[in-house]
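# Close look at the chain arrangement
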Amino acid sequence: MLAGLALAAPAKDMSAQDVNPFEIGGAIGAAVPVGDLGDVTDLGYNATFMLGYNPVFLPVGLRFDAAYNEFGISDTDGNVNIPSFTANAIFKLPTGGFTPYVVGGAGLYRVSAQLFGATESENRFGWNIGGGISMPLSGFKVFVEARYNNVSGEGGSTDLSFVPIVFGASF
């Protein structure tokens, strides 16, 4: 019996070491313009690269996102693109298989508009909040997520808002 306990103890320690709190991932999907941005642009797309830190025994983690959103301007040959770099807190509800979570943060958004061959760009502060559901698979996780993004207006310009709805994977 003691020999059995001695053999089981190292196996338990090894499985705890297999849990890596760091993750890397990416996501792609649609970006839905809302508010003033939705009045002048069409449905766009989003591509996101992420780095995360999720402590093993805590439901709260940290995630850094680099995202690119692009929208075509309605009825003309132009576009608006909004790359962003954000720091986000992520709160996961510990449920087992499917894991719902809430994510939100703030960061730098670079708004660029190209119209009739001319391009205007400016850096702005912005924030985001949303949620998703992740599911662990063999060696990685897949997730679906939606987040409301608000990019602040500066110098009399309007706030810009959009909602990326993405599907992604992380390792």
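Everything discussed here concerns the structure shown above.
Residues numbered from 1 in each chain as written. Predicted model: local features only at pLDDT ≥ 70, side-chain atom pairs only at ≥ 80, totals over all residues. Heavy atoms only, no water.

For the protein, the helix and strand inventory stands at 2 helices and 8 strands. Going residue by residue from the N terminus, the α and β elements of the protein occur as α-β-α-β-β-β-β-β-β-β. Within the protein, the proportion of its 171 residues that are buried is 36%. In the protein, the share of contacts with a sequence separation of at least 24, taken over all contacts with a separation of at least 6, comes to 52%. Carbon and sulfur atoms make up 69% of the accessible area of the protein, which totals about 9,700 Å². (Helix = DSSP H or I, 4+ residues; strand = E, 2+ residues; numbered from the N terminus. Buried < 20%, exposed > 50% of the residue type's maximum accessible area, 1.4 Å probe, protein only. Contact = heavy atoms within 4.5 Å. Areas by Shrake-Rupley, 256 points an atom, 1.4 Å probe, with all protein chains shown as cover.)

Side-chain direction in a regular strand flips from residue to residue, so the side chains alternate between the two faces of the sheet. Pairing between strand S4 (residues 78–92) and strand S5 (residues 99–115): 13 bridges, direction antiparallel. Among the inter-strand pairings, alanine 89 is bridged to a residue of S5, identified as glycine 104. In this antiparallel pair of consecutive strands, S4 and S5, the connection spans 6 residues, and glycine 96 shows a positive phi of 110°. Where S5 lies against strand S6 (residues 118–136), 17 bridges are found, and the strand directions are antiparallel. Looking at the pairing, alanine 113 lines up with glutamate 120 of S6. Hairpin connection, S5 to S6: the antiparallel pair is bridged by 2 residues, and phenylalanine 116 has positive phi, about 55°. (Pairing = 2+ DSSP bridges.)

Quick look at unusual backbone geometry now. Even without being glycine, aspartate 75 reaches a positive phi, approximately 60°. Among the structural elements, aspartate 75 can be located in the loop between strand S3 (60–72) and S4. Classification of aspartate 75 as exposed rests on a relative accessible area of 84%.

In this section: the sheet that holds strand S7 (residues 141–151). The strand order around the closed barrel formed by 8 strands is S1-S2-S3-S4-S5-S6-S7-S8, and the pairing between neighbours is antiparallel. Strand-to-strand twist in this sheet, taken as the mean axis angle between neighbours without regard to direction, amounts to 25°. Relative to S4, S3 runs antiparallel, the two sharing 13 bridges. When the sheet's bridge partners are listed, alanine 66 is paired in S4 with phenylalanine 85. (Axes fitted to C-alpha atoms, helices over the stretch in contact; angles between N-to-C directions.)

Here the focus is the packing of aromatic side chains. On inspection of all chains with the given rule, the structure shows 5 aromatic pairs. Measuring from ring centre to ring centre gives 6.1 Å for tyrosine 45 and tyrosine 68, while their planes differ by 45°; the resulting arrangement is tilted. Of this pair, tyrosine 45 sits in strand S2 (residues 44–53) while tyrosine 68 sits in strand S3, placing them 23 residues apart in sequence. Here tyrosine 45 falls in the partly exposed class, since its relative accessible area comes to 40%. (Phe/Tyr/Trp six-rings, centres within 6.5 Å; stacked < 30°, edge-to-face > 60°.)

Another point: the side chain of serine 161. Position of serine 161 among the secondary structure elements: in strand S8 (residues 160–170). A distance of 3.1 Å separates the side chain of serine 161 from the side chain of asparagine 150, its partner in a polar contact. Beyond its immediate chain neighbours, meaning those up to four positions away, serine 161 contacts Pro33, Val34, Leu37, Tyr148, Asn149 and Asn150. (Polar contact = N/O pair within 3.5 Å; in protein donor to acceptor, adjacent residues only side chain to side chain.)

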